[in-house]
Amino acid sequence: QLIKMQRSSKYLMSAMARFQAAGKGLGSSLENQGVRHSRIFSSQAAAAEASEVASQNRARGIALPVGMLAGIFGSIVGVGGGVMIVPMIVHFHKTIPQRIISGTSLAAVISTGCSASYTYGSNGFVDPVYAFVIAVSAIITAPLGARMTKVVDSLTLRRILGYFLIAVAPLVPIKQYLF
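Residues numbered from 1 in each chain as written. Predicted model: local features only at pLDDT ≥ 70, side-chain atom pairs only at ≥ 80, totals over all residues. Heavy atoms only, no water.

**Here's the deal with the overall build of the protein chain**
Point 1. Assigned secondary structure in the protein chain consists of eight helices and zero strands.
Point 2. Taken from N to C terminus, the helices and strands of the protein chain fall in the order α-α-α-α-α-α-α-α.
Point 3. A burial count over the protein chain gives 17% of its 179 residues as buried.
Point 4. Contacts in the protein chain between residues at least 24 apart in sequence constitute 56% of all its contacts with a sequence separation of at least 6.
Point 5. Carbon and sulfur atoms make up 69% of the accessible area of the protein chain, which totals about 13000 Å². (Helix = DSSP H or I, 4+ residues; strand = E, 2+ residues; numbered from the N terminus. Buried < 20%, exposed > 50% of the residue type's maximum accessible area, 1.4 Å probe, protein only. Contact = heavy atoms within 4.5 Å. Areas by Shrake-Rupley, 256 points an atom, 1.4 Å probe, with all protein chains shown as cover.)

Pasting the structure below:
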């Protein structure tokens, strides 16, 4: 709604400017109305922006401990840390859109994955063929998933994450018996 109000305000102001430039003028009553609406929209936009900045600052405040836990836990179990990062940010900062959390987590997991992969590889704990096949298939399909986050709303994305974690969690302790 805020975006719609801002667009309406911008449209009104640009329309006033076009009419004035054409020498037609809109009249002082309409100009005063446009200024009044502009001030209301500006104060609402400022409040929304201040709330967003405060939320981002709180999120950045937990970034170091979340990163440390994700690095340790993710490299121990081989998940890259994303299963730690995303739920923790969602828990502590419910107002941050899921697509921002997902993108931030993926960017952070690059460093975790690279450093842990190097350590595992230097110790001989990587199957290069298997890793290559997984990497290529993931590189091909990752943009599809990233594009889907633009279409799917944040609540649905969070539910998908929750269902995925519930479905996968039991596999961790029983994988030695299944595979």
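**Observations concerning the packing of helix 3 (residues 63-77) against helix 4 (residues 82-92)**
Axis angle and axis distance: for two packed helices, these are the angle between their axes and the distance between the axes, and together they describe the pair.
Point 1. Contact geometry for helix 3 and helix 4: axes closest at 8 Å, N-to-C directions at 150 degrees. Taken together, the axes of helix 3 and helix 4 lie roughly antiparallel to each other. For the crossing formed where helix 3 meets helix 4, the hand is right-handed. Across from V66, L69, A70 and F73 in helix 3, the residues of helix 4 making contact are V83, M84, I85 and M88.
Point 2. Residues that form the contact of helix 3 with helix 4 fall into these classes: eight nonpolar, no polar and no charged. (Axes fitted to C-alpha atoms, helices over the stretch in contact; angles between N-to-C directions. Parallel < 35°, antiparallel > 145°, perpendicular 65-115°, else oblique. Left-handed = near helix turned anticlockwise from the far one by under 90°. Nonpolar A, V, L, I, M, F, W, Y, C, P; charged D, E, K, R; others polar.)

**Notes on helix 5 (residues 98-122)**
Point 1. Counted at 1.5 Å a residue, the expected span for helix 5 with its 25 residues is 36 Å, and the 35 Å between its end C-alpha atoms agrees.
Point 2. Roughly 25 degrees is the biggest bend found in helix 5, and it falls at V109.
Point 3. For helix 5, the full list of buried residues reads Q98, I101, S105, V109, T112 and A116.
Point 4. In this structure, the buried side of helix 5 is in contact with helix 3, helix 4 and helix 7 (154-168). (Expected span 1.5 Å × (residues − 1). Bend = angle between axes of the 7 residues up to and from the residue.)

**Some words on a nonpolar patch on the surface**
Point 1. The grouping of I72, F73, I76, V77, V79 and V83 at the surface amounts to a nonpolar patch, some 500 Å² of accessible area in total.
Point 2. With four residues, helix 3 is the largest single contributor of residues to the nonpolar patch.
Point 3. As for its placement among the helices and strands, I72 is situated in helix 3. (Patch = residues over 30% accessible without salt bridge, like charges linked within 9 Å, V, L, I, M, F, W, Y side chains within 5 Å. Salt bridge = Lys/Arg side-chain N within 4 Å of Asp/Glu carboxyl O.)

**A closer look at the packing of helix 4 against helix 5**
Point 1. Where helix 4 meets helix 5, the axes come as close as 9 Å, and the angle between the chain directions of the two elements is 145 degrees. Between helix 4 and helix 5 lies a crossing of right-handed hand. Contacts from G82, I85, V86, I89 and V90 of helix 4 reach helix 5 at Q98, I101, S105, A108 and V109.
Point 2. Of the residues assigned to the contact of helix 4 with helix 5, the class counts are seven nonpolar, three polar and no charged.

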